[in-house]
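Listed below, chain by chain, are the residues.
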Amino acid sequence: MTDADLSALQVGWIGTGRMGFPLARRLLRAGAPVSVWNRTRAKAEPLAAEGATVVDAIVDLAGCDVVFTMVAASADLEQVVLAPDGLLSDPARRPDVIVDCSTVSVETSARVRAAAAAREADFIAAPVSGNGKVVKAGKLSLVCSGAEPAFGRVRHLLDRLGQHVTYVGDDERARLVKICH
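The present account deals with the structure reproduced in this document. (Residues numbered from 1 in each chain as written. Predicted model: local features only at pLDDT ≥ 70, side-chain atom pairs only at ≥ 80, totals over all residues. Heavy atoms only, no water.)

1. Considering the sheet that holds strand 6 (residues 122-125)
Within a sheet, adjacent strands bond to each other through the backbone by hydrogen bonds, running parallel or antiparallel.
Part 1 of the reasoning: Pairing in this open sheet of six strands is parallel, and the strands run 3-2-1-4-5-6 from one edge to the other. This sheet does not close on itself; its edge strands, each paired only once, are strand 3 (53-54) and strand 6.
Part 2 of the reasoning: By the bridge criterion, four bridges tie strand 1 (residues 11-14) to strand 2 (residues 34-37) in an arrangement that is parallel. When the bridges of strand 2 are listed, Gly12 appears paired with Ser35.
Part 3 of the reasoning: Packing against the sheet, helix 5 (residues 106-118) makes contact with strand 5 (97-100) and strand 6, and its axis sits at approximately 160 degrees to strand 6. (Pairing = 2+ DSSP bridges. Helix = DSSP H or I, 4+ residues; strand = E, 2+ residues; numbered from the N terminus. Contact = heavy atoms within 4.5 Å. Axes fitted to C-alpha atoms, helices over the stretch in contact; angles between N-to-C directions.)

2. Side note on the side chain of His156
Part 1 of the reasoning: Secondary-structure assignment places His156 in helix 7 (residues 148-161).
Part 2 of the reasoning: There is a polar contact of 3.4 Å between the side chain of His156 and the backbone oxygen of Arg153. (Polar contact = N/O pair within 3.5 Å; in protein donor to acceptor, adjacent residues only side chain to side chain.)

3. Some remarks on the sheet that holds strand 8 (residues 141-144)
Part 1 of the reasoning: The strand order 7-8-9 describes an open sheet built from three strands, whose pairing is mixed. Each end of this open sheet is capped by a strand with a single partner; those strands are strand 7 (128-129) and strand 9 (164-167).
Part 2 of the reasoning: The sheet contact formed by strand 7 and strand 8 spans two bridges and is antiparallel. Along strand 8, the bridge assignment pairs Val128 with Leu142.
Part 3 of the reasoning: Its contacts with the sheet place helix 7 against strand 8 and strand 9, and it is angled at close to 170 degrees to strand 9.
Part 4 of the reasoning: The strands touched by helix 8 (residues 173-180) are strand 7 and strand 8; relative to strand 8, the strand with the most contacts, the crossing angle is about 135 degrees.

So this is what it looks like as structure tokens:
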């Protein structure tokens, strides 16, 4: 994938904590245009110096082609995507693909997937294995599930996040594989 391919999609990122910040930075450094949101704006602002656009509200990312989420827990994922001010709250706009890199429950993942499908958006479960040091070294592993065509559309972005990207099938299989791992 070329830098031109990376810049062809508008990317949103929700969650710039310990893992989300270096992951979003990897996409920026690869040449992807990234807009970011974090509950504590100050944690996202350093990414602006690297070219990110920091947005004030999650719904500001609804017009992005792809939105990544990297949050701490199942309740956080539901909040950022499904809440009245969440990613899917604007009836006129929604991302084409939502990629969740968080470690959340199978049940939460399925609820978010169903809500995305109701809005004609694809949802890729892509939980990561590693830590902040592993991310910085480019050695992160991602196991992914969801509709294969959607995975194909975002694979070039996932490849920039880590060393190993594995597609394991539909629905919530990635969550189960991560649990087994």
